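An overview of the molecular structure
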Amino acid sequence: QVQLVESGGGLVQAGSSLILSCAASGGTFSASSMGWFRQAPGKEREFVAAITWSHNTYYTDSLKGRFTISRDNAKNTLYLQMNSLKAEDTAVYYCAGVRPYRLAPLTNTQGYDYWGQGTQVTVSS
């Protein structure tokens, strides 16, 4: 049973930085593509960033340059570095994973097999 546990969320001021972590257990993390999504109140869950098992990265266009996704396979952990945070970045951030070596549409929630419970990020202006 794969488990994903996010951490690192909180309340920060606009312009601040935050690093989210996602600890994975119960699977072959190094062989799994991973992604971050977010969901603001009253809105649909949206794609933020993804990283394949071969370390290729993908971002939603509006966040390129401010957010960086990375992974540490030795620690079975996924990260999301968020810089210059804005009030509109306020959302619950979810970590998601794909079964090992499965090719999937990484920008779509349908492409993922596993989800974390989410961590709240609130940016005050």
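Anyway, here's the lowdown on the structure attached to this text. (Residues numbered from 1 in each chain as written. Predicted model: local features only at pLDDT ≥ 70, side-chain atom pairs only at ≥ 80, totals over all residues. Heavy atoms only, no water.)

**Considerations on the pairing of strand β4 (residues 34–39)**
Every other side chain in a regular strand lies on the same face of the sheet, so the side chains alternate between the two faces. Across the 6 residues that make up β4, a large majority, 5, are buried. In the sheet, β4 pairs with strand β5 (residues 46–51) via 5 bridges, with the strands oriented antiparallel. Residue pairing for β5: Gly35 is matched across the bridge by Ala50. As consecutive antiparallel partners, β4 and β5 are separated by 6 residues, and within that stretch Gly42 has a phi angle of approximately 75 degrees, a positive value. Relative to strand β9 (residues 91–97), β4 runs antiparallel, the two sharing 6 bridges. Residue Trp36 lies in a different strand from β9, and its bridge partner there is Cys95. (Buried < 20%, exposed > 50% of the residue type's maximum accessible area, 1.4 Å probe, protein only. Helix = DSSP H or I, 4+ residues; strand = E, 2+ residues; numbered from the N terminus. Pairing = 2+ DSSP bridges.)

**Side note on the packing of aromatic side chains**
This structure, assessed with the given rule, holds 5 aromatic pairs. Connected via pairs of aromatic rings, a cluster forms that spans Phe37, Phe47, Tyr112 and Trp115. Here the basic side chain of Arg45 rests over the ring of Trp115, its NZ or CZ set 5.0 Å away from the ring centre. Seen from the ring of Phe29, Arg71 lies directly overhead, with NZ or CZ sitting 4.5 Å from the centre. (Phe/Tyr/Trp six-rings, centres within 6.5 Å; stacked < 30°, edge-to-face > 60°. Lys NZ or Arg CZ within 6 Å of the ring centre and 35° of its normal.)

**With respect to the environment of Ser54**
Position of Ser54 relative to the elements: it lies in the loop between β5 and β6 (57–59). Along the sequence, Ser54 and Ser124 sit 70 residues apart, while their C-alpha atoms lie 36 Å from each other. Polar side-chain contacts of Ser54 include one of 3.0 Å to the side chain of Thr52. A polar atom in the side chain of Ser54 sits 3.4 Å from the side chain of Asn56. (Polar contact = N/O pair within 3.5 Å; in protein donor to acceptor, adjacent residues only side chain to side chain.)

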